[in-house]
Structures are given as structure tokens and as C-alpha cells.
Amino acid sequence: MTGETPSTDGHGVLIVDDDFRVAALHSAIVTAVRGFRVVARAGTLAQARTALAEHPDIELVLLDVYLPDGSGIDLLAELRCDCFIVGAETDARAVRAATRGGALAYLIKPFADTELARRLAGYAHYRRVLDAPRVDQAQVDAALSGLRFGTAPAERSSGASPTEQRILELFADTDEGLFADQVSDAIGISAATARRHLAALVSAGRLVMSLQYGGTGRPRQEYRKPRT
């Protein structure tokens, strides 16, 4: 089991995968998405159970199916937190079993970095909508839509906000990728505001995000317009 930086900011994530390279990649994606932090990594069901017992702040598990000591789907019934199944199992019965067990998403490997980032953004939206003690039907629909698509139906169908429209115009003039700080400098908003609007545009499918790795530190999120 691998420990991570003990931060208290954002949703705590446990990554369970016996391939250390895949676990490291998923860890990098989680770390790059604002509002999330990796609490621990585990390579077996036993290690996952230990991590869950030691870290009550785990809110989301990215869980592989094929593990050395059993199936990740079998762990679902024990979880007291949310879970995405992230594995190579393509048997439809496994998908149904995972859904019955409570998995909020089922991602089949291999998938693009942007897909996991989009699903994480959707999860963050889901959690924000359901933050209230009581909800109505519209809020339930928005939360579940956010979980699947990263945004609510009304938000997907409506136009971009004025700030987001300015961001889209910036990308319309270039085929190059841009970082959040470049966007913030170009249109005169804070980097945090730029990241928030960029995440919304990625969730809505108006932009795509990829991770750029440097020599040290966390990877940077690069944004660009989708290829047509």
C-alpha cells in the first residue's frame, strides 16, 4: 500500500489497482483535477481494506476488478463511501453486478485521461448538488446528470456564460493548447476563476483537457478545443 501527501483539501480518493503504473497514472489525473486528493493507493483487496480502515476521510474509491486476492466488485458491499469501477472487465454481467453493488460509474480500460477527469468533475458536481439536507426532484435529476455528464441538463443545453464565451473565443483563435494561467492572463481573471470555468467547459464538451508532465511536481492541465 502506498501513502500519499496528507492534505485535507478536496475529496479524498483511494486508488485500488495492482498495476503500479496504472495506479500512478490515475493518481496523477486525480491530483491534477481541482477539488480532489489521493489519500492512498492499494494493490490488493487486503490493502484496500486496510486503507479504508486507516483513512476515514476517503470519499471515493477508484476500484479495479481483477486483483491478486479477488474481484474488486466483491469489495463494493463493504464500502461506506462512493466508488467508480475502473477495470478491464467487459462482461456485461460484471457491469450489472457493479451497478447492483452501488458503483456510481463503470469505466472500461483503456480510456483517455480526459474521460476520468470528466467523470471526476461530474462527481464533484453531484456532491455539490446533494450538499443540501433536503432536495427536490429537479436537484436529484441535476445531481444524477452531473454524475454521468459533468453538468446538469439545463447547463448543457444553455449557452456559455459571458466569461466562458470569452474563453471560447480565445481558443477559437488558436490550435495550440493553453494552461489556466495563460487563459487568466489573456482575459484578465484570476487563475482560480479560469480553472473553474475551464472545468465547466470540459464537462460540457466545449474543450478537452490533457495532462502535461514536467520534470518535477504535479502534472499541469492543458486545455484545447476539440478536434473536428
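Overview of the structure. Values in this document were obtained by computation on a predicted structure and should not be read as measured data.

**Quick look at the pairing of strand β11 (residues 220-224)**
Bridge analysis of strand β9 (residues 178-179) against β11 gives 2 bridges, and the strand direction is antiparallel. The residue bridging phenylalanine 179 from the neighbouring strand is glutamate 222, located in β11. Sheet topology places strand β10 (residues 208-212) next to β11; 5 bridges connect them, and they run antiparallel. What sits directly across from serine 210, in β11, is glutamate 222.

**Considerations on the pattern of salt bridges**
In total, this model carries 11 salt bridges according to the counting rule given. For arginine 119, the salt bridge goes to glutamate 115, with nearest N and O atoms at 2.7 Å. A residue pair is termed a helical-turn pair when its members lie 3 or 4 positions apart in one helix, as arginine 119 and glutamate 115 do in helix α5 (residues 113-129) at 4 residues.

**Looking at the sheet that holds β10**
The strand order across the open sheet built from 3 strands is β9-β11-β10, with neighbouring strands paired in antiparallel fashion. Of all the strands in the sheet, the pair left with one neighbour each is β9 and β10.

Definitions and cut-offs
- Residues numbered from 1 in each chain as written.
- Predicted model: local features only at pLDDT ≥ 70, side-chain atom pairs only at ≥ 80, totals over all residues.
- Heavy atoms only, no water.
- Pairing = 2+ DSSP bridges.
- Helix = DSSP H or I, 4+ residues; strand = E, 2+ residues; numbered from the N terminus.
- Salt bridge = Lys/Arg side-chain N within 4 Å of Asp/Glu carboxyl O.

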